[in-house]
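Observations on the three-dimensional arrangement
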Amino acid sequence: PSGKISYSEIALIKNQGNFGASIYPNPTEGDFKITIPSQYLPAKIMIYNAEGKAIHTASTLQSSILVSRRFTKGIYAIRITGNNNESITQTLLIK
């Protein structure tokens, strides 16, 4: 070794938080509510089934959305993408 020390620049590391979005009740037997802080609106919501297929897509300008569409029992992934292009994925159990 030459004894030289080299550094690489790291511009930004983002920790994937949930930016304040929530899904409740979880688990649920039917309807559920998604809340998104207003600073991330408009937002896009995508719901995926256990096979990874998108089964519901919606865009919203509202910070509180009631989802009353009936889904069969199972595990679903809900991806919420805010207007800043940050996204989170949360799991929802319908029993």
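The following refers to the structure shown. (Residues numbered from 1 in each chain as written. Predicted model: local features only at pLDDT ≥ 70, side-chain atom pairs only at ≥ 80, totals over all residues. Heavy atoms only, no water.)

Scanning the protein chain for helices and strands turns up zero helices and seven strands. Along the chain direction, N to C, the helices and strands of the protein chain fall in the order β-β-β-β-β-β-β. Burial analysis of the protein chain (95 residues in total) assigns 32% to the buried set. When the accessible area of the protein chain is evaluated, it comes to approximately 6600 Å², of which 51% is carbon and sulfur surface. (Helix = DSSP H or I, 4+ residues; strand = E, 2+ residues; numbered from the N terminus. Buried < 20%, exposed > 50% of the residue type's maximum accessible area, 1.4 Å probe, protein only. Areas by Shrake-Rupley, 256 points an atom, 1.4 Å probe, with all protein chains shown as cover.)

We now examine the nonpolar core. Among the nonpolar cores identified, the biggest contains 20 residues, and Phe32, Ile34, Ile36, Ile78 and Ile80 are the most heavily contacted of them. Dropping the residues within four chain positions of it, Ile78 is found in contact with Ile23, Phe32, Ile34, Ile45, Met46, Ile47, Ile88, Thr89, Gln90 and Leu92. (Core = buried A, V, L, I, M, F, W, Y, C linked by side-chain atoms within 4.5 Å. Contact = heavy atoms within 4.5 Å.)

Moving on, we get to the pairing of strand β7 (residues 87–94). Of the pairings in the sheet, the one linking strand β6 (residues 74–81) to β7 comprises eight bridges and is antiparallel in character. Looking at the pairing, Gly74 lines up with Ile94 of β7. (Pairing = 2+ DSSP bridges.)

So, about the packing of aromatic side chains. Tallying each qualifying case throughout the model produces two aromatic pairs. Geometrically, the ring pair formed by Phe32 and Phe71 is tilted, given 6.4 Å between the ring centres and 35 degrees between the ring planes. With Phe32 in strand β2 (residues 32–35) and Phe71 in the loop between β5 (64–67) and β6, this pair connects stretches of sequence that are 39 residues apart. Comparing Phe32 with Phe71, the two get one shared label, buried. Considering the side-chain rings of Phe71 and Tyr76, the 5.4 Å spacing of their centres and the 50 degrees angle between planes classify their relative orientation as tilted. Take Tyr76: its relative accessible area is 6%, and that puts it in the buried class. Linked through ring pairs, Phe32, Phe71 and Tyr76 together constitute an aromatic cluster. (Phe/Tyr/Trp six-rings, centres within 6.5 Å; stacked < 30°, edge-to-face > 60°.)

Let's shift gears to the sheet that holds β2. One open sheet accounts for three strands, arranged β1-β2-β5; its pairing is antiparallel. Where the open sheet ends on each side, the last strands, each with one partner, are β1 (22–24) and β5. In this sheet, neighbouring strand axes are inclined to one another by 20 degrees on average, regardless of whether the strands run parallel or antiparallel. For β1 and β2, the ladder comprises three bridges, and the chain directions are antiparallel. Pairing of Ser22 across the sheet is with Thr35, part of β2. (Axes fitted to C-alpha atoms, helices over the stretch in contact; angles between N-to-C directions.)

A word on the sheet that holds strand β3 (residues 43–48). Across the sheet, four strands lie side by side as β4-β3-β6-β7; this open sheet has antiparallel pairing. Among the strands making up the open sheet, the edge pair consists of β4 (54–60) and β7. Pairs of neighbouring strands in the sheet enclose a mean axial angle of 20 degrees, with direction left out of account.

Spatial relationships are all this shows, so hold off on functional conclusions.
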